Amino acid sequence: MKNKEIADKFTEIAHLLEIKGENSFKIRSYQKAAETIEALDHDIKDDYLSGNLEELDGIGKNIAAKISEYLIGGKITKLEDLRKEVPRGLLEMLKVQGLGPAKIRLIYEKLGVKTMRGLDIAARRGELAALPGMGEKSAANILRGLEIANRMDGRLLISTAENMAEDFLAVIRKSCDEALACGSLRRGCETIGDIDLLAVSEKPEKTIDSFVKIPGVEKVIASGSSKASVFTSGNVQIDLRVVPEKSCGAAMLYFTGSKEHNIALRKRALDKGYTLNEYALSDQKSGKYIAGKTEKDVYKRLGLDYIPPELRENRGEIERSALGDLPSLIEAEDIKGDLHLHSVYSDGSVEIRALASRASELGYGWIAVCDHSMSLTIARGLSINNLMKKKKEIDSLNKTSRVKILFGAEVDILPDGKLDYPDKVLRELDVCLGAVHAAFNQSTEVLNKRIMRAMDNPYLDVLAHPTARLIGKRPELPLDMEKVTEKAADKNIILEVNAFPDRRDLKEDHIRMALAKGVMLSLGTDSHALRHMDNMRYGLMNLRRAGCEKKDVLNTRTAPALLKIISARRKKAGG
Ligand code: DGT
Ligand code: CA
Ligand code: CA
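One structure accompanies this document, and this report is about it.

What counts and how
Residues numbered from 1 in each chain as written. Chains lettered and ligands numbered in written order. Predicted model: local features only at pLDDT ≥ 70, side-chain atom pairs only at ≥ 80, totals over all residues. Heavy atoms only, no water. Core = buried A, V, L, I, M, F, W, Y, C linked by side-chain atoms within 4.5 Å. Buried < 20%, exposed > 50% of the residue type's maximum accessible area, 1.4 Å probe, protein only. Contact = heavy atoms within 4.5 Å. Helix = DSSP H or I, 4+ residues; strand = E, 2+ residues; numbered from the N terminus. Polar contact = N/O pair within 3.5 Å; in protein donor to acceptor, adjacent residues only side chain to side chain. Disulfide = S-S within 2.5 Å.

## So, the nonpolar core
Across soluble globular proteins, nonpolar side chains have a tendency to be buried as a group. Counting residues in hydrophobic clusters, the biggest one holds 58 residues, and the most contacted among them are I367, L521 and L543. Aside from chain neighbours lying at most four places away, what touches I367 is D338, L341, L355, A356, A359, V403, K404, I405 and L406. One finds L17, A34, I63 and Y70 within the second-largest nonpolar core, a separate group that totals 47 residues.

## Considerations on the environment of A322
Examined against the element boundaries, A322 turns out to sit in helix 16 (residues 317-322). Expressed as a C-alpha distance, the spacing of A322 and G303, which sit 19 residues apart in the sequence, is 6.4 Å.

## Looking at the side chain of R312
When you line up the elements, R312 lands in the loop between helix 15 (295-301) and helix 16. Since its relative accessible area comes to 0%, R312 is described here as buried. Of the polar contacts made by the side chain of R312, one reaches the backbone oxygen of I307; its length is 2.9 Å. In this structure R312 touches R186, R187, L253, T256, G257, S258, H261, E295, Y299, Y306, I307 and E317, once residues within four positions along its chain are discounted.

## Considerations on the state of the cysteines
Each disulfide consists of one covalent bond between the sulfur atoms belonging to two cysteines. Summed over all chains, the structure comprises 0 disulfides. Sulfur of C176: no disulfide; nearest cysteine sulfur belongs to C248 and is 10 Å away. Classification of C176 as buried rests on a relative accessible area of 13%. Summary of cysteine pairing: C189 is not part of a disulfide, and the nearest cysteine sulfur, belonging to C182, is at 13 Å. Under the relative-accessibility criterion, C189 is labelled buried at 12%.

Remember that the coordinates give geometry; whether it matters functionally is a separate question.
Take a look at the structure:
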């Protein structure tokens, strides 16, 4: 039966006509035909064979002819022609929430953007916001829609999921006492399967009702007296649970997971003569309520110290907690600066002065402005001349700046492992980040040699986004990370945890590997715009999930302490 195929073809025609800006009457007629054919309870071929096509609702002579054409020859000439006229990528863009045919046409005509990749780049560069009738907000919506449309294996980047969760929470909070996101989101995972929200209220029906009526809800999957699940218009699942206050802690524990952590915890409860579920920790025999209002209460009655959500993966945290041996995880307040910022000197969109003033708002004491080096022309890498101009500007700003500005660079590690400035220039930098930005396709052997050679340069202080992965887009470089971390330990090289939500590089496993060898880590947001500076917490999540403490991270030091560490390491490395 070809009904679905034909309906899809007409939908595509309607979309292509819309992007072309044809009259809405014509577009509507194709949409209507598609709907009719889709809803038929018999094979459309029967109507064709009996000559009754035009009797179907919304199907006239013109469309009937196209159905016949398809049933006979397997194609529709009109569609083939339209496909030639309208770039393929524009049609794909219709999948992006917040982006209709009119906007797609505008973006294509004004910016020449005709692929999803191009759209992504334009959105990140802020070019969409500058279009007539667009603005920051709709550009941000498109960027989010783009991330959702491009999601990997149905999972969202945590940054996207967090934004969505916050939008929903803002509404839910109006009809409950408290609400928060649990699940993988609260544990700070890289990607999120679905969003789990928990609300505390003695009147759950009211909260559920306000939740399922949120305009972003496309479909209600299930809705009961204390829980509901919905799909948003971008096909993201959101689960909500509403519990009374006395169950809040037990429910937070349950819905934060991980499942493995929960199972281990429940077993521990049983061993102690209790039962643990999402409502409470209770006495196994009498069923009496023991604890449940806060997570801490539950842990305590199980003989455990509070376990931060990032550690709840049943990877030994319960045993360590029982021994009072949990790491004292690094906190946001411990971070005194951002070690990886770009400015207008290279491909950033922000003046150094503005970076410093935002840093001051964030409570930082210093920043390192690390623009690209000269070979990276696509990112407007700095010539030595411009690098020295930048130094002058930094020196001058530092006379009055509240936040100490460190003169840095993100120097390319060239295909042969050399760094992209001569040593006498590198020596001038307060901090030198080295990174791979090109020749990703080298053989594993060549690549490993390249990195090792770069790490032999005494002026390479920090290896930035070491594996160069982009979550869901580009795999990790096939580096021998045991060797890289060993070498970092040997040469006192600091390994970056890049905080950009689609990088998060180093990832947790590699951080653990580095920690075990005593390697120091650093955090950098890799900001190219002011709002990127808020991404610090995604890097922090990786550090916390890997069990890092304050002492393990360079960003917890004051500027003078940091500079001392850098100069000591250079000296030891022979610089
Ligand atoms: P996700 O959504 O794939 O990113 O990962 P989670 O961890 O958010 O998983 P999800 O949404 O399936 O469930 C949320 C939490 O609910 C999970 O972390 C622990 C709890 N949970 C779900 N299913 C089970 C289960 O079968 N047993 C136990 N003990 N807990 C469960
Ligand atoms: Ca989830
Ligand atoms: Ca869920």
